[in-house]
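Breakdown of the fold
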Amino acid sequence: MSFFFVHSVAQSVSPVVIETNNIAIVLTVAGNQRLHQSYIGKKLPFSDYMAMKGGREVYLTAGMENQFEPAVRMIHTDGNPSLELRYLSHKQTDSGNLKKTEVLLKDPVYPVEVRLYYVSYFKEDVIKCWTEIVHREKKNVLLTQYASSMIHFNSDEYWLTQFHGDWAREVNIVEEKLTNGIKSIESKLGTRTNFYQTQMFFLSMNKPSTETEGEVLAGTLAWTGNFKFTFEVDQRNGLRVLSGINPYASEYNLQPGEKFTTPEFIFTYSANGKGLASRNIHRWARNYAVLDGNKPRLTLLNNWEATHTSFTETKLVELFDEAKKLGVDLFLLDDGWFGNKYPRNDDKNGLGDWQEDKLKLPSGIGYLVKEAEKKEIKFGIWLEPEMVNPKSELYEQHPDWILKLPNREENYGRNQLIIDLVNPEVQDFVFNIVNDMLTKYPGIAFIKWDCNRSMTNAYSPYLKEKQTHLFLDYTKGLYKVMERIRKKHPHLPIMLCAGGGGRTDYGAMKYFTEFWPSDNTDGLERIFIQWGYSYFFPANTISAHVTSMGKQQSLKFRTDVAMMGKMGYDIRVNNFTKQELEFSNEAVKTYKAISDVIWFGDLYRLISPYEESRAVLMYVNENKSKAILFNYFTTTRRKDIFSRVLLQGLDHQKNYRLKEINLFPGTKSTQPDNEKVFSGEYLMKVGLNLAPGRANALSSTVFEITAD
């Protein structure tokens, strides 16, 4: 590890260079001691950086001469709403693949310091940045804006790709040209924050980027609360991109000496399209951002589709047999297992009362854990510990623990309210729910952590007059709970869920092993949903279950779609035909055999379902010895003419054998190139005909491509 300091008060300052293997940011100090961003883009010879100067101020303040959206706005103790930030020093610490840069800025009049942090990941070509604000005035100052980062661009045109949706139709992709003025992507939902907008984007320069071509920045925010991205094109066609917590209703009273730390903005730059940017983010996520990102995942059978909340102890044990027949690793008990005074027989009762329902489970959770172990499968359980039903003992005993306005009618989402995680007592309560259960039943091997509503009519009894801290402190409270859980149970797999994909961010994913992308498990819809998430999340984080939704679709099609992510099941196995059970049992074996390539390989999106009536993608392992190719036909018509598909990511010099896998019993491959050997050069330059006959709607094929 090495580090150095640079001070500028009495001397000129060399440019501050933040580099990875292929990208760079250059910061320079102007004559007035303001810090400018002089460059962002493809890595250049170091000598070029030394000649750079000028640019735009890297962290624009409010109240001075700036006429545009500021990164920070502060009202001082004396009421002065201005801030000036001058460069004071910087420090860089090098520890192998990671290099940390810390830049200290200071106001010349008020005792206010702002530190800008950058961590560059050399091999992954990813940079994360955040900001720390501290003051030493005599009384509190008021922060009204506090961005994590501000990045400047100068191009002829800018094209923004955003991801939006709703319940059961998450991450729809929209690309549009940015014009003069401000475009914002934001959330004010508090808990289920990316219910409508997802905190990730692509920004393409000069023209829309494709998977393989174009200059593009991919960005996302590590924050599980309200977020905001602001894209402002000025009168000279310069673009500023602001990222961070949404300051809506969140003015923060900062105490003297208190450090206000913003969440991390994570980004990568690619001169070769969105595909490379995705692979950069995926590698970074597996190595640094997702809990146990490079370790295996469990396949599971969930009981929700089979039973909903209506089940008995005996019924669940029967389902263990179905999990055993499938060959999955784990059985997951979903909602409906708890509550006695108010038993959880529907979504109107029991949330908050986390004791076994004595009528449904007279022998308790421990009995189920042991019975699962007898079947040689693991046992997992569903929790929604941040929520409460008005019909619950928790609601009756602790009305002061609940977020609700004191003088208004209660507003419900899914018949429930949110408990006040700002309150340390409530944090203890939630931690103890999890810790006590895992301590009492150490055989529990998996948790599904749900969160089924957003904040409305929210008021924290604990915060009293500081209600503008609610949105921030709730998220911090969640993180405090998760830190405690992970300290005691560091490697327990936990799925992050929020009524589908309402929580999918890297602020949370360091505590979770995977997330639930959508309650919509229809195979056709899931192609689009999983495609959208694949831009920013590796396959081993995207839970994908085979269910009975999409009944017009074959079981094979639904299974093939689930295989492109972290496959599981939520279906009544005893309703399968003999052939379907045989197919599914073999599919689980096949998936386990190829999962390393899917989970840890490089993803290449070849044909988008947004552009054709099919989707084609492939995963390639690190040494390019094996690839898995998925080919899905969606809503095909007679007018569709499907061209050959050029593969990507293979070794030009190697020869590869093509083999169709995951075939339904009694069927044979109709691919004329099945079992043939081709060079990597051929597969990437000539390609494959993946529609040799008439392509049927809602059909699919999976191929294993192995170096021969």
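Residues numbered from 1 in each chain as written. Predicted model: local features only at pLDDT ≥ 70, side-chain atom pairs only at ≥ 80, totals over all residues. Heavy atoms only, no water.

A few words on the pairing of strand β32 (residues 543-547). Across the five residues that make up β32, a large majority, five, are buried. Of the two faces of β32, both are covered, the one formed by Ser543, His545 and Thr547 as well as the one formed by Ala544 and Val546. Note: β32 against strand β33 (residues 566-570), five bridges, orientation parallel. Residue pairing for β33: Ser543 is matched across the bridge by Lys566. In this region the chain leaves β32, passes through helix α10 (residues 555-563) and returns to the parallel neighbour β33; the handedness of that crossover is right-handed. (Buried < 20%, exposed > 50% of the residue type's maximum accessible area, 1.4 Å probe, protein only. Helix = DSSP H or I, 4+ residues; strand = E, 2+ residues; numbered from the N terminus. Pairing = 2+ DSSP bridges. Right-handed = clockwise from strand over helix to strand, strands pointing away.)

Glancing now at the side chain of Lys128. If you trace the backbone, Lys128 turns up in strand β10 (residues 126-135). Discounting residues that sit within four places of it in the chain, Lys128 has contacts with Tyr117, Tyr118, Val119, Tyr121, Glu264, Phe265 and Ile266. (Contact = heavy atoms within 4.5 Å.)

Ranked by size, the top nonpolar core spans 188 residues in total, and within it Trp337, Ile365, Phe379, Trp449 and Tyr506 carry the most contacts. With nine residues, helix α8 (residues 470-488) is the largest single contributor of residues to this core. Leaving out residues up to four positions away in the same chain, Ile365 has contacts with Leu333, Trp337, Glu356, Phe379, Ile381, Tyr441 and Ile444. Residues Met618, Leu629, Val645 and Met684 belong to the second largest nonpolar core, which totals 20 residues. (Core = buried A, V, L, I, M, F, W, Y, C linked by side-chain atoms within 4.5 Å.)

Right, let's get into the state of the cysteines. Tallying each qualifying case throughout the model produces zero disulfides. We note that Cys451 lacks a disulfide partner, and the nearest cysteine sulfur, in Cys497, lies 8.9 Å from it. The class for Cys451 is buried, based on a relative accessible area of 0%. Judged by its relative accessible area of 1%, Cys497 falls in the buried class. (Disulfide = S-S within 2.5 Å.)

Overall, the coordinates contain 44 aromatic pairs when judged by the stated rule. Consider the rings of Phe265 and Phe267, whose centres lie 5.5 Å apart with planes at 25 degrees: the pair is stacked. Given the relative accessible area of 1%, Phe265 is considered buried. Relative to Phe600, the ring of Trp599 has its centre 6.1 Å away and its plane inclined at 75 degrees; by these criteria the two rings are edge-to-face. Taken together through their ring pairs, the aromatic side chains of Tyr121, Trp284, Tyr288, Tyr506, Phe515, Tyr533 and Phe537 make up a single cluster. In this arrangement the basic side chain of Lys360 is found over the ring face of Phe311, its NZ or CZ atom lying 5.0 Å from the centre. The residue whose ring lies beneath Arg484 is Phe431, and the NZ or CZ to ring-centre distance is 4.3 Å. (Phe/Tyr/Trp six-rings, centres within 6.5 Å; stacked < 30°, edge-to-face > 60°. Lys NZ or Arg CZ within 6 Å of the ring centre and 35° of its normal.)

Strand order across the open sheet formed by six strands is β34-β35-β36-β39-β37-β38, with antiparallel pairing between neighbours. Edge strands, defined here as strands with exactly one partner in the open sheet, are β34 (602-607) and β38 (677-679). Strand after strand, the sheet turns through a mean of 25 degrees between neighbouring axes, direction not considered. In terms of strand pairing, strand β37 (residues 655-661) meets strand β39 (residues 699-707) through six bridges, oriented antiparallel. What sits directly across from Tyr656, in β39, is Ala707. On the sheet, helix α9 (residues 523-533) packs against β34, β35 (614-620) and β36 (626-633) and is oriented at approximately 45 degrees with respect to β35. Each of β34, β35, β36, β37 and β39 touches helix α11 (residues 578-600); the most contacted strand, β36, lies at about 100 degrees to it. (Axes fitted to C-alpha atoms, helices over the stretch in contact; angles between N-to-C directions.)

Let us now look at the pairing of strand β7 (residues 86-95). Summarising the sheet, β7 and strand β8 (residues 98-106) pair through nine bridges and their orientation is antiparallel. The residue of β8 that forms the bridge with Gln92 is Thr101. Counted along the chain from β7 to the antiparallel partner β8, the turn is two residues long, and its residue Gly96 has a positive phi close to 80 degrees.

Tallied over the entire structure, the rule returns 42 salt bridges. A salt bridge links Arg484 to Asp428; the shortest N-O distance between them is 2.7 Å. Within this pair, whereas Arg484 is found in helix α8, its partner Asp428 is found in helix α7 (residues 424-440), the two being separated by 56 residues in sequence. On the basis of relative accessible area, Asp428 is assigned to the partly exposed category, the value being 34%. Because the salt bridges share partners, they merge into one network encompassing Arg34, Glu57, Glu65, Glu84 and Arg86. (Salt bridge = Lys/Arg side-chain N within 4 Å of Asp/Glu carboxyl O.)

With that settled, the discussion passes to unusual backbone geometry. Phi angles above zero are rare outside glycine, and Asn415 is one such case at about 60 degrees. Within the secondary structure, Asn415 sits in the loop between β27 (402-403) and β28 (417-419). We classify Asn415 as partly exposed; its relative accessible area is 29%. Positive phi values are uncommon outside glycine, yet Lys624 reaches one of about 60 degrees.

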